[in-house]
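Fold and contact review
Chain by chain, the residues:
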Amino acid sequence: MTLASFKSALPRDALASIVVFLVALPLCMGIAIASGMPPAKGLITGIIGGLVVGWIAGSPLQVSGPAAGLAVLVFELVRTHGIAMLGPILLLAGLLQLVAGRLRLGCWFRVTAPAVVYGMLAGIGILIVLSQFHVMFDVKPQASGLDNLMAFPATLSQAIPGLGGGSALAAALLGFGTITCMFLWDKLRPQSLRFLPGALIGVTLMTAISLWLGLGVARVEVPANLSDAIDWIQPADLFNLANPQIILAAVVLAFIASAETLLSAAAVDRMHSGPRSNLDRELSAQGVGNMLCGVLGALPMTGVIVRSSANVQAGARTRMSTIFHGAWLLAFVMVLPAVLQSIPVACLGGVLVYTGFKLVDIKAIRGLGRYGRAPVFIYAATALGIVTVDLLTGVLIGFALTLVKLAGKASRLKVSLNELGPDEAELRLTGSATFLKVPHLASVLEGIAPTTRLHVPLDKLSYVDHACMELLDDWGRAAEQQGGALLIERHGLNRRLEGRALNMRRAMA
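Residues numbered from 1 in each chain as written. Predicted model: local features only at pLDDT ≥ 70, side-chain atom pairs only at ≥ 80, totals over all residues. Heavy atoms only, no water.

This paragraph deals with the side chain of Ser-17. Inspection of the secondary structure puts Ser-17 in helix α1 (residues 3-34). A polar contact is formed between the side chain of Ser-17 and the side chain of Trp-328, at a distance of 2.8 Å. Those residues in contact with Ser-17 that sit more than four places away from it in its chain are Ser-321, Phe-324, His-325 and Trp-328. (Helix = DSSP H or I, 4+ residues; strand = E, 2+ residues; numbered from the N terminus. Polar contact = N/O pair within 3.5 Å; in protein donor to acceptor, adjacent residues only side chain to side chain. Contact = heavy atoms within 4.5 Å.)

Once the domains are mapped, the protein shows domain 1 (32-405) and domain 2 (412-495). A straight line from the C-alpha centre of domain 1 to that of domain 2 covers 56 Å. (Domains from an automatic or database assignment.)

A few words on a nonpolar patch on the surface. Among the surface-exposed residues, Leu-95, Val-99, Leu-103, Leu-105 and Trp-108 lie close enough to one another that they form a single nonpolar patch of about 490 Å² accessible area. A relative accessible area of 55% means that Leu-103 is categorised as exposed. (Patch = residues over 30% accessible without salt bridge, like charges linked within 9 Å, V, L, I, M, F, W, Y side chains within 5 Å. Areas by Shrake-Rupley, 256 points an atom, 1.4 Å probe, with all protein chains shown as cover. Salt bridge = Lys/Arg side-chain N within 4 Å of Asp/Glu carboxyl O. Buried < 20%, exposed > 50% of the residue type's maximum accessible area, 1.4 Å probe, protein only.)

Mapped onto the elements of the fold, His-272 is located in the loop between α12 (244-269) and α13 (279-296). Reaching out from His-272, the side chain makes a polar contact with the backbone nitrogen of Gly-274 at a distance of 2.9 Å.

Quick look at helix α19 (residues 373-388) now. Since there are 3.6 residues in each turn of an α-helix, residues three or four apart along the chain are aligned in direction. Taking 1.5 Å per residue as the helical rise, α19 with its 16 residues ought to reach 22 Å, and the 22 Å between its terminal C-alpha atoms agrees with that figure. Looking at α19, one finds that the buried residues are Pro-375, Ile-378, Tyr-379, Ala-381, Thr-382, Ala-383, Gly-385, Ile-386 and Val-387. Elements in contact with the buried residues of α19: α6 (114-135), α7 (145-150), α18 (362-369) and α20 (391-410). (Expected span 1.5 Å × (residues − 1).)

A word on empty space enclosed by the protein. Over the atoms rolls a probe the size of a water molecule, and its path tells where empty space is left. Inspection of every chain in the model, using the stated rule, returns two cavities of 30 Å³ or more. Put simply, the second largest cavity is a space of about 30 Å³. What lines the second largest cavity is simply Ile-31, Ser-35, Pro-66, Ala-67, Leu-70, Ala-71, Val-74, Leu-299 and Pro-300. Ranked by residues supplied to the lining of the second largest cavity, first place goes to helix α4 (residues 68-81) with three residues. Considering only residue class, the lining of the second largest cavity consists of eight nonpolar, one polar and no charged. (1 Å grid on protein atoms, 1.4 Å probe; cavity = no way out; pocket = protein on both sides within 12 Å on 5 of 7 lines; lining within 4 Å. Points joined across faces, edges and corners; volume = space filled by probe spheres on them. Nonpolar A, V, L, I, M, F, W, Y, C, P; charged D, E, K, R; others polar.)

What follows is the structure in structure tokens.
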């Protein structure tokens, strides 16, 4: 980029960065709370995503920061291994991302069935709704999705006058008020104010009302000095990286974060006509960012589609908008921490509930339905597995069902036997001849008289494996002893196959 073009793009990038900052501020804190972490941890991740990853990212218009898609996983990791181990896990996950990017593996992270990806996002969205519903009532969420669902009656009873106590009713009104503001703003906002995010409008309005009425609800706890929120990784904790469970957690975190980042980068590319994303460089940049977050004890980061789309729609031209948004976050936290401390936690819970509902994308389900029932079933099974068991199990269920589907498609073989004349027939094979179809093919061959000259054209086969070729070879040897013959036809050439399967494969070459 020339100096002149940089100067011309700078005003638009500066304006876009303010829009992204306004979107990112409530989300960074809300995602941290949903992850079971202090809000300042999310702000640190957002700052690193802007100031560091923004400089080196392979997708210049993509914004990086804490992601709702990782909140469920982080919550589980913190509950299982403790906050202290999140840093080493994140350090290893970032290293894996960095190495994968240097090995040019970025494109392979996009080789994931859309049904699994959408199902994963839907399952995460449901879990966020189930947990943050309790946060909107100033009640601590449970450890699992089913436990949160079963605890709904108890939480609702807290808001009934005479049954509950404390701030539950006031907090719930603020939380639902935030959701209402976001919904109405998305539907009715004027074109001239489209750059203002609904989350900011809802949180600001509900915070002002809570202060005006003097409501005694739980509010965000942010230290006056951001450095107080930094928990440096301890060398002693690094020895726990030899634990297989910690290694598995890092691998899962790296995979999910990378998949979400690169899918987001591909979506951002479709929103603008500027330079395309370098996926390998983006993956490496995310690795560097996550390693830094691990060292500082912050939340993991990914490329995030909501903030990225806001960046593009606000007119960003270069990576400077992403960098500036990180600078605004840092400046706001350092100069005005009291403003953040006045925000009700229930408002941020409302933001996450609204975000969780949007992760369950009905349009995605309809799109999958165009390709048959199987993708919709995989979507539902993945989401259900995440909600009822855990994130890793749900994703593995989705991958397993996808492989079963592929195996079913790959093993489809149509076998038809046509009489060509006395003691002469054609065995036509269409599809994929794999070991899964050996029983069916064997039953057809058993019904053919051994005195038959059997023609087997292979031009309609997309694949044939060793098991099927051995079966044909065995039939051919037996038929030869009784006056029959097996003739393989490929590319218009007739080859009589005699003897061993090795000779058969040579004749086909």
